[in-house]
Structures are given as C-alpha cells and as structure tokens.
Amino acid sequence: MLPYLAEHKLLARELRKNMTETEQILWKRLRRKQILGVPFYRQKPLAQFIVDFYCAAAMLVIELDGSQHYTPDAQQYDAVRTQTLEAMGLRVLRFDNRQVLQELEAVIEAIFAEVEARRGQR
C-alpha cells in the first residue's frame, strides 16, 4: 500500500460527496471497472495529497485541472505534486476541464491506452 496522511481520509470523503461537474462526468466512465476491468478510486489520499482518480492496478493517477491550475503558483505546486507522485512509481495524467467536457472520448482513449501500457509493464 502506498503511503498517505491519515488526516486526509475525512477530507477525501467530503471531496467525494462534493465532486465537480467534470469529476462526475469522468467518474461515470471510470467506475465499475469499465476500463480493462480495473478499479479506479476517486479522491484518493496518496503521500501528502488527495488525487482526483487513482488506479492501483496500473499505478496511474488522473488529475483534472480547472482554471485555478493555470496560475504560476498553482503550476509550480502541480509540478512538485507530479514529481512526488512519479517518485512513488506512479504515472500522472492531467486533463483540463475543457477536455473532459468537449473531448471526453479522447480522454477515455488516452486513459485506456495508459492503463493498457502500464499493466503490460508489470
């Protein structure tokens, strides 16, 4: 099991109850093992973060970025976050909200391809 901060469990539970519109849209396509039969988790505590979606079977994190992610401070924070997660052996895929809203099938195809590739490496 990957490390996480125990105090994030309650916050993650609250985030699951209050998902954004784009998180809800993507979750409908990830839940119930719809991609190659692997389970995804939403709002999962990992290290000192809570990631949007996580697939343990593929060691894959999916992050959805709203407009707040495009400030210089947020981009620097996201870079450190990605670096930390990748140091744990995880692959981080980032999509902006517009991609989920307008190009959902392309997003799903990218996730499918990454899960397929990562599972083949194990």
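One can find the structure itself at the top, above this paragraph.
These lines cover the structure that appears in this document, whether it is placed above or below.

Cut-offs and rules
Residues numbered from 1 in each chain as written. Predicted model: local features only at pLDDT ≥ 70, side-chain atom pairs only at ≥ 80, totals over all residues. Heavy atoms only, no water. Helix = DSSP H or I, 4+ residues; strand = E, 2+ residues; numbered from the N terminus. Rg over C-alpha atoms; globule rule 2.2 N^0.38 Å. Buried < 20%, exposed > 50% of the residue type's maximum accessible area, 1.4 Å probe, protein only. Contact = heavy atoms within 4.5 Å. Pairing = 2+ DSSP bridges. Axes fitted to C-alpha atoms, helices over the stretch in contact; angles between N-to-C directions. Phe/Tyr/Trp six-rings, centres within 6.5 Å; stacked < 30°, edge-to-face > 60°. Lys NZ or Arg CZ within 6 Å of the ring centre and 35° of its normal.

1. Section: the overall build of the protein chain
Right, so step 1: When its secondary structure is counted, the protein chain shows five helices and four strands.
Right, so step 2: Along its sequence from the N terminus, the protein chain presents helices and strands in the succession α-α-β-β-β-α-β-α-α.
Right, so step 3: Against the globule reference of 14 Å for 122 residues, the protein chain gives a C-alpha radius of gyration of 14 Å, in line with a compact fold.
Right, so step 4: Counting only C-alpha atoms, the protein chain reaches 35 × 35 × 25 Å along its principal axes.
Right, so step 5: Looking at the protein chain as a whole, 41% of its 122 residues qualify as buried.

2. Here we look at the side chain of His-8
Right, so step 1: Along the chain, the position of His-8 falls in helix α1 (residues 8-17).
Right, so step 2: For His-8, a relative accessible area of 15% puts it in the buried group.
Right, so step 3: If we skip the residues at most four places from it in the chain, His-8 touches Pro-45, Gln-48, Phe-49 and Ile-50.

3. A few points about unusual backbone geometry
Right, so step 1: One non-glycine residue, Gln-43, lies in positive phi territory at about 50 degrees.
Right, so step 2: Tracing the sequence through the fold places Gln-43 in strand β1 (residues 41-46).
Right, so step 3: The buried category is assigned to Gln-43, whose relative accessible area is 3%.
Right, so step 4: With phi around 55 degrees, Ala-47 is a residue other than glycine that occupies positive phi space.
Right, so step 5: Residue position: Ala-47 is located in the loop between β1 and β2 (49-55).

4. Topic: the environment of Tyr-70
Right, so step 1: Relative to the helices and strands, Tyr-70 is located in the loop between β3 (60-65) and α3 (72-87).
Right, so step 2: A relative accessible area of 44% means that Tyr-70 is categorised as partly exposed.
Right, so step 3: Through-space distance from the C-alpha of Tyr-70 to that of Arg-31 is 28 Å; in sequence the pair is 39 residues apart.
Right, so step 4: When near neighbours in sequence (up to four residues on either side) are disregarded, Tyr-70 contacts Asp-65, Gln-75 and Asp-96.

5. Digging into the sheet that holds β3
Right, so step 1: One open sheet holds the four strands; their spatial order is β1-β2-β3-β4, and the pairing between them is mixed. Edge positions in the sheet fall to β1 and β4 (91-96), since each has one partner strand and no second. The sheet shows a mean angle of 45 degrees between the axes of neighbouring strands, taken without regard to direction.
Right, so step 2: Alignment of β3 against β4, held across six bridges, turns out to be parallel. Bridging across to β4, Glu-63 finds its partner in Arg-94.

6. A short note on the packing of aromatic side chains
Right, so step 1: Tallying each qualifying case throughout the model produces two aromatic pairs.
Right, so step 2: Look at Trp-27 and Phe-53: their rings are 6.0 Å apart centre to centre, the planes differ by 15 degrees, and that puts the pair in the stacked class. Placement of the pair is Trp-27 in helix α2 (residues 21-30) and Phe-53 in strand β2, with a sequence separation of 26 residues. The same class applies to Trp-27 and to Phe-53, which are both buried.
Right, so step 3: Look at Phe-49 and Tyr-77: their rings are 6.1 Å apart centre to centre, the planes differ by 80 degrees, and that puts the pair in the edge-to-face class. Here the residue Phe-49 occupies a position in strand β2, and Tyr-77 occupies one in helix α3, the gap between them amounting to 28 residues.
Right, so step 4: Look at Phe-49 and you get buried, because its relative accessible area is 4%.
Right, so step 5: Over the aromatic face of Tyr-41 sits the side chain of Lys-44, whose NZ or CZ is 5.6 Å from the ring centroid.

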